[in-house]
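# Structure at a glance
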Amino acid sequence: MTKKSDTKQETIENEDGSITIQLSKPIINFGEKITEITLREPTGKEFQKIGMVMSVDTQEKIHFDAVKVVKMAETLSGVASGSLDSLPYKQLTKIAYAMIPFFV
């Protein structure tokens, strides 16, 4: 079912266009322990509501809006924002980078 795998970032692009991210530590979401998060592609309505999660400066450096990253991840994965808030910063950064193909 997987199309390609990036072992460095521990992300998998699925055949349906969704992206699965392996978590460095399990988190609890609605009472269930989860070890990965799958993000589906956002709809136009979701994009309009949440907005762009990143910007690129004139030196082509990527900047993320952390609040929008968490909101978009919650919307696309069904994982509660409170659960996402418990992730280490590096893990949220991994999720943010995994979203890039949805916006470029």
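Worth saying up front: this structure is predicted, and the values here are computed from it rather than measured. Counting restarts for each chain: residues are numbered from 1 in the order of the written sequence. Since the coordinates come from a predicted model, pLDDT governs what is reported: local features require at least 70, and pairs of side-chain atoms require 80 or more to be given and counted, while whole-chain, interface and lining totals use all residues. No hydrogens and no water enter the side-chain calculation; it runs on all heavy atoms of the structure.

## Quick notes on unusual backbone geometry
The criterion, for reference: Only DSSP runs of H or I with at least four residues qualify as helices, and only runs of E with at least two residues qualify as strands; both kinds are numbered from the N terminus onward.
You will see that Phe30, though not glycine, has its phi angle at about 50 degrees, which is positive. With respect to the secondary-structure elements, Phe30 resides in the loop between strand S3 (19-29) and strand S4 (32-39). The phi dihedral of Glu60 is positive, around 65 degrees, even though this residue is not glycine. Inspection of the secondary structure assignment puts Glu60 in the loop between strand S5 (54-56) and strand S6 (62-64).

## Quick notes on the nonpolar core
Filter applied, for reference: Only buried residues count toward a nonpolar core, which is a set of Ala, Val, Leu, Ile, Met, Phe, Trp, Tyr and Cys residues joined through side-chain atoms within 4.5 Å. Any residue under 20% of the maximum accessible area for its type is buried, any over 50% is exposed, and the rest in between are partly exposed; the area is computed with a 1.4 Å probe on protein chains only. Here, two residues are considered to be in contact whenever any of their heavy atoms come within 4.5 Å of each other.
Residues Ile37, Leu39, Leu87, Ile95 and Met99 are the most contacted members of the largest nonpolar core, which totals 26 residues. Contributing elements (two or more residues each) for this core: S3, S4, helix H2 (66-77) and helix H4 (89-103). Sorting elements by how many residues they give to this core places H4 first, with eight residues. Those residues in contact with Ile95 that lie beyond four places of it in its chain are Ile21, Ile37, Leu39, Ala73 and Leu87.

## Some remarks on H4
Short version of the rule: A helix is expected to reach a length of 1.5 Å times the quantity of its residues less one.
An ideal rise of 1.5 Å per residue puts 21 Å on 15 residues; H4 measures up with 21 Å between its terminal C-alpha atoms. Looking at H4, one finds that the buried residues are Gln91, Leu92, Lys94, Ile95, Ala96, Ala98, Met99, Ile100, Phe102 and Phe103.

## Quick notes on the pairing of S3
What counts, and what does not: Two strands pair if DSSP finds at least two bridges between them.
In the sheet, strand S2 (residues 11-14) pairs with S3 via three bridges, with the strands oriented antiparallel. Paired with Glu13 across the strands is Ile19, a residue of S3. What sits between S2 and S3 in their antiparallel hairpin is a turn of four residues, with Gly17 showing a positive phi close to 90 degrees. Inspection of the sheet shows S3 paired to S4 by seven bridges, in the antiparallel sense.

Honestly, it's all geometry; don't read function into it.
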